[in-house]
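Residues per chain are reported as follows:
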Amino acid sequence: MHLADPADPFSAVTHAAPYDYYRRLADGPPLRFDAALDCWLATGAAGVQAVLEHPACRVRPPGLGVPQNLAGTPCGAIFAELVRMNDGERHAVPKQVLARALAQVDLARLQRQVAHLAGDRVPASAAQLNEAIFQLPLFVMAHLLGFAPAQWPALAAWTRDFVACLSPLSNGEQLAGAQEAADSLLQGLGHLLREGNARPGSLLASIATETDAMGSGLLANLVGLLSQTCDATAGLLGNAIVALHAQPELLAQLRASPERWPAMLREVSRHDPSIHNTRRYTVDVVECDGVRVPAGQMIVVVLASAGHAESGFGHGRHVCPGQSIAHAIAAACLQAWADRLEDLPLTWSYLPSLNARIPVFSMGEIA
Ligand code: HEM
């Protein structure tokens, strides 16, 4: 059956087979104006890299650090501080602190811990799998931050409620839930920090030694570590499960050579990534390949059309510092779940989103 092409990069995110469309976008000009969307598109490796590296392409529109619907709210207070949502000094110093702390995580040890956690939570149905791809990565991040296991389920639930404030598709009820969750997350992290007994070796302990560098954004960026983990890592896990179903021979190969898991996940991040696009706003004229974008414009950066590493984790100043951790979590979960996943007759569609590709599984017919 021939599927109609996606209408634009936003509908491509949840389209069943969007990659021919992305390849065609990549074959076109690296920067173009899309009249229907009334914004610019940066496509292909050249367009994506040029915009993500350009000093005049910022993560927020000038003068609008926080979206209007979040201004003056707990979600807005977090949003305003996130390294992901700031440029310049407000970004550079805290980003270094976070990146340093994340780089100190012992990945081999982490993988052993995740294998244990995931082995105790093997999903036995599509519904449990849909829950687990979100929950496990958040449990792991809560553990890395230094929270005790009894606190993980609440933190995971608050994080999932909080991320609703970052999606333009959320309704009033979800936005209200996000505000309550933002308060709870700030309180939970504040409490752990004030207790002064951050577990030695935890992310919180290493970031807390640099409170000055983090400035007022410390708690918000700790919330950010949870929220940045949430959808993106669920998508990586889900898309890897889709790949295992689409290519049944893969699982046998991975069983025979488990050292191939990292390469398998790199392929998934590249060919079926979980984050398909991001946005930038021009504060000055931007020129690329003879195309001139005036100041004050929005550019949708179509990461999924880049066809290499940028497809998954970004590039340039805001490149993701969590890539190795996300891959370590996913590799350990999938190894722990592989035998069970083989027996689950899964079908899938995608959760509604304008930028994250996250499968939602149902039980299909046994072939
Ligand atoms: C498969 C999982 C993940 C994917 C696909 C992913 C993807 C991305 C992308 C595309 C960006 C750049 C956004 C932009 O430039 O506009 C980003 C930024 C970021 N990610 Fe990830 N991410 C993942 C997991 C994680 C995890 C597990 C963490 C935390 C440990 C994390 C923390 C961050 C942070 C803090 C930023 C902001 C960096 C900055 O603005 O300087 N990510 N991520």
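Residues numbered from 1 in each chain as written. Predicted model: local features only at pLDDT ≥ 70, side-chain atom pairs only at ≥ 80, totals over all residues. Heavy atoms only, no water.

1. So, the coordination of the iron atom of the ligand
Only one protein atom coordinates the iron atom of the ligand: Cys-320 (SG), located 2.3 Å from the metal. Looking at the secondary structure, you find Cys-320 in the loop between α15 (310-313) and α16 (323-343). (Donors = N, O, S within 2.8 Å, 3.2 Å for Na, K, Ca; no water. Helix = DSSP H or I, 4+ residues; strand = E, 2+ residues; numbered from the N terminus.)

2. A closer look at helix α3 (residues 44-53)
Buried within α3 are the following residues: Gly-44, Gly-47, Val-48, Val-51 and Leu-52. All buried residues of α3 lie within an arc of 115° about the axis, which places them on one face of the element. (Buried < 20%, exposed > 50% of the residue type's maximum accessible area, 1.4 Å probe, protein only. Arc of directions from axis to C-beta.)

3. Section: the site of the ligand
In the vicinity of the ligand lie 27 residues, with Lys-95, Thr-278, Arg-280, His-318 and Cys-320 positioned nearest. The contact in question runs from a nitrogen atom of the ligand to an N or O atom on the side chain of Gln-228, over 3.1 Å. Within the side chain of His-318, an N or O atom sits 2.6 Å from an oxygen atom of the ligand. Of all the elements in the fold, those that place two or more residues in the shell around the ligand are α5 (89-103), α12 (218-246), β4 (278-282) and α15. Looking at which element gives the most residues to the shell around the ligand, the answer is α12, with six residues. Partitioning the shell around the ligand into residue classes produces 13 nonpolar, ten polar and four charged. (Near = heavy atom within 4 Å. Polar contact = N/O pair within 3.5 Å; in protein donor to acceptor, adjacent residues only side chain to side chain. Nonpolar A, V, L, I, M, F, W, Y, C, P; charged D, E, K, R; others polar.)

4. A short note on the packing of aromatic side chains
Going through the model one piece at a time under the given rule, you end up with five aromatic pairs. A centroid spacing of 5.7 Å and a plane angle of 45° characterise the contact between Tyr-19 and Tyr-22, whose relative ring orientation is tilted. You can see Tyr-19 and its partner Tyr-22 sitting in helix α2 (residues 19-27), three residues apart, about one turn around the helix. Pair check on accessibility: Tyr-19 and Tyr-22 agree, each one buried. Relative to Trp-152, the ring of Phe-139 has its centre 5.7 Å away and its plane inclined at 40°; by these criteria the two rings are tilted. With Phe-139 in helix α7 (residues 126-145) and Trp-152 in helix α8 (residues 152-162), this residue pair connects regions lying 13 residues apart in the sequence. Its relative accessible area of 4% is what places Phe-139 among the buried residues. Judged by relative accessible area, which is 6%, Trp-152 ranks as buried. Grouped by ring-pair contacts, the aromatic residues Tyr-19, Tyr-21 and Tyr-22 constitute a single cluster. The residue whose ring lies beneath Arg-160 is Phe-134, and the NZ or CZ to ring-centre distance is 3.9 Å. The side chain of Arg-357 reaches across the aromatic face of Tyr-350, ending 4.1 Å from its centre. (Phe/Tyr/Trp six-rings, centres within 6.5 Å; stacked < 30°, edge-to-face > 60°. Lys NZ or Arg CZ within 6 Å of the ring centre and 35° of its normal.)

5. Overview of the environment of Ala-332
Along the polypeptide, Ala-332 turns up in helix α16. Note on Ala-332: relative accessible area 4%, which makes it buried. In sequence terms Ala-332 and Val-114 are 218 residues apart; their C-alpha atoms lie 5.8 Å from each other. Ala-332 has contacts with Gln-111, Val-114 and Ala-115, leaving out every residue within four places of it along the chain. (Contact = heavy atoms within 4.5 Å.)

6. Remarks on unusual backbone geometry
Positive phi outside glycine occurs at Asp-38, with the angle close to 60°. One can find Asp-38 in the loop between β1 (31-34) and β2 (39-42). You can call Asp-38 exposed: its relative accessible area is 59%. One non-glycine residue, Asp-289, lies in positive phi territory at about 55°. Judged by relative accessible area, Asp-289 falls into the exposed class, the value being 61%.

7. Comments concerning the sheet that holds β4
The strand order across the open sheet built from five strands is β1-β2-β7-β4-β3, with neighbouring strands paired in mixed fashion. Sheet topology places β1 and β3 (57-58) at the edges, where each strand pairs with a single neighbour. As defined by bridge partners, β2 adjoins strand β7 (residues 298-301) across three bridges and the pair is classed as parallel. Looking at β7, one finds that Trp-40 is bridged to Ile-299. Packing of α3 onto the sheet brings it into contact with β1, β2, β3, β4 and β7, and relative to β7 it is tilted by some 130°. (Pairing = 2+ DSSP bridges. Axes fitted to C-alpha atoms, helices over the stretch in contact; angles between N-to-C directions.)

8. Some remarks on helix α14 (residues 261-271)
Taken together, the buried positions of α14 are Trp-261, Met-264, Leu-265, Val-268 and Ser-269. In an axial view of α14, the angular spread of the buried residues amounts to 140°, which keeps them on one side of the axis.

9. Considering the state of the cysteines
The full count for this structure, using the stated rule, is zero disulfides. In this structure Cys-165 is not part of a disulfide, and its nearest cysteine sulfur, from Cys-75, lies 3.7 Å away. Free of any disulfide, Cys-230 has its nearest neighbouring cysteine sulfur in Cys-165, separated by 11 Å. (Disulfide = S-S within 2.5 Å.)

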